[in-house]
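# A look at the structure
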Amino acid sequence: MGSPRLDALKLYNRAVALGELSVVEDNLFNFSSLYQTNYEFRHLVRQSGLSLEDRVKGVLSLSCFKKSSVFETLLPILIESRDLERTQAFNDNFTKVVDEKLGRVTVLLTSAVALPDESVKSIQKDLERILNNKVHLRHVIEENLVAGIVIRLPNGKIYDFSLKKELAEFKSFVLEKE
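Here goes a summary of the coordinates provided. Since the structure is predicted, the reported quantities are computational estimates derived from the model, not experimental observations.

### Some points on a nonpolar patch on the surface
Taken together, the side chains of Val-146, Leu-163 and Leu-167 make up a nonpolar region of the molecular surface, amounting to roughly 250 Å² of accessible area. Structurally, Leu-167 can be placed in helix α8 (residues 163-177).

### Looking at the sheet that holds strand β1 (residues 104-111)
The strand order across the open sheet formed by four strands is β2-β1-β3-β4, and the pairing between neighbours is mixed. The outermost strands of the open sheet, each flanked by one partner alone, are β2 (134-141) and β4 (158-162). On average, each strand axis in the sheet is tilted by 20° relative to the strand beside it, whichever way the strands run. In the sheet, β1 pairs with β2 via eight bridges, with the strands oriented parallel. Bridging across to β2, Val-105 finds its partner in Val-135. Across the sheet, helix α7 (residues 117-131) touches β1, β2 and β3 (148-152), and the angle it forms with β2 is around 140°.

### Looking at the environment of Asn-30
Within the secondary structure layout, Asn-30 lies in helix α2 (residues 21-37). Sequence separation of Asn-30 and Val-140 is 110 residues, and the distance between their C-alpha atoms is 9.8 Å. The contacts of Asn-30, once residues within four sequence positions are left out, are Cys-64 and Phe-65.

### As for the pattern of salt bridges
For the structure shown, the criterion picks out nine salt bridges. The salt bridge involving Glu-25 is made with Arg-104; its shortest N-O contact spans 2.1 Å. Of this pair, Glu-25 sits in helix α2 while Arg-104 sits in strand β1; the two residues are 79 residues apart in sequence, bridging distant segments of the chain. On the basis of relative accessible area, Arg-104 is assigned to the buried category, the value being 10%.

### Observations concerning the layout of surface pockets
Its volume calculated, the largest pocket comes out at about 980 Å³. It is α2 that contributes the most residues to the lining of the largest pocket, eight residues altogether. Along the lines of polarity and charge, the residues of the lining of the largest pocket split into ten nonpolar, twelve polar and ten charged. As a volume, the second largest pocket reaches approximately 220 Å³. Lining the second largest pocket are eleven residues; nearest its centre among them are Asp-7, Leu-11, Thr-73, Leu-74 and Ile-77. Elements that contribute at least two residues to the lining of the second largest pocket include exactly α1 (4-17) and α5 (69-81). In terms of residue class, the lining of the second largest pocket is made up of six nonpolar, two polar and three charged.

### Overview of the packing of aromatic side chains
Counted according to the given criterion, the structure contains four aromatic pairs. Joined through ring pairs, the aromatic side chains of Phe-31, Tyr-35, Phe-41, Phe-65 and Phe-71 make up one cluster.

### Some words on the pairing of β4
On a regular strand, one side chain projects to one face of the sheet and the next to the other, so that they alternate. Strand direction decides the pairing type here: β3 and β4, joined by five bridges, are antiparallel. The residue of β4 that forms the bridge with Arg-152 is Ile-158. The turn linking β3 back onto β4 is made up of five residues, and Gly-156 within it adopts a positive phi angle of 95°.

The rules behind the values
Residues numbered from 1 in each chain as written. Predicted model: local features only at pLDDT ≥ 70, side-chain atom pairs only at ≥ 80, totals over all residues. Heavy atoms only, no water. Patch = residues over 30% accessible without salt bridge, like charges linked within 9 Å, V, L, I, M, F, W, Y side chains within 5 Å. Areas by Shrake-Rupley, 256 points an atom, 1.4 Å probe, with all protein chains shown as cover. Salt bridge = Lys/Arg side-chain N within 4 Å of Asp/Glu carboxyl O. Helix = DSSP H or I, 4+ residues; strand = E, 2+ residues; numbered from the N terminus. Pairing = 2+ DSSP bridges. Axes fitted to C-alpha atoms, helices over the stretch in contact; angles between N-to-C directions. Contact = heavy atoms within 4.5 Å. Buried < 20%, exposed > 50% of the residue type's maximum accessible area, 1.4 Å probe, protein only. 1 Å grid on protein atoms, 1.4 Å probe; cavity = no way out; pocket = protein on both sides within 12 Å on 5 of 7 lines; lining within 4 Å. Points joined across faces, edges and corners; volume = space filled by probe spheres on them. Nonpolar A, V, L, I, M, F, W, Y, C, P; charged D, E, K, R; others polar. Phe/Tyr/Trp six-rings, centres within 6.5 Å; stacked < 30°, edge-to-face > 60°.

Rendered as structure tokens:
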């Protein structure tokens, strides 16, 4: 990989030319998320006992990855890098390029359970009004939140409305009083 921004721009142009932008965007996000949070996935990607071809096949066999010639070309490069920071940086750069090209911002909505579609759409509309911009909302489930939601904006700002945060604050409050 060369310049992260230039590589992301090349990937964007290739994905658009082949009509695979949405699939590539989803697959890259899923790869990056799984690599960060799932030990078994990280082990599959890093497993030196398997050939690169077998690791690629293993990743593509997972149901969260959709068919894409562009992603299948990129995947061996991601696997060979074995570097979480580079993978995340590439995903972040790609998201920025896509957002700039499509005139939107990508916001990460994390919840403890799957939210109804109407709730997600309502949150998206509220965010579009607040941010005065088109919002591409990525919804992920993180069971350790217990309950509630966390919203991460592209500028790094985090709005945490989770029970996990409330319990941590309550614990700190109790410990201060002892």
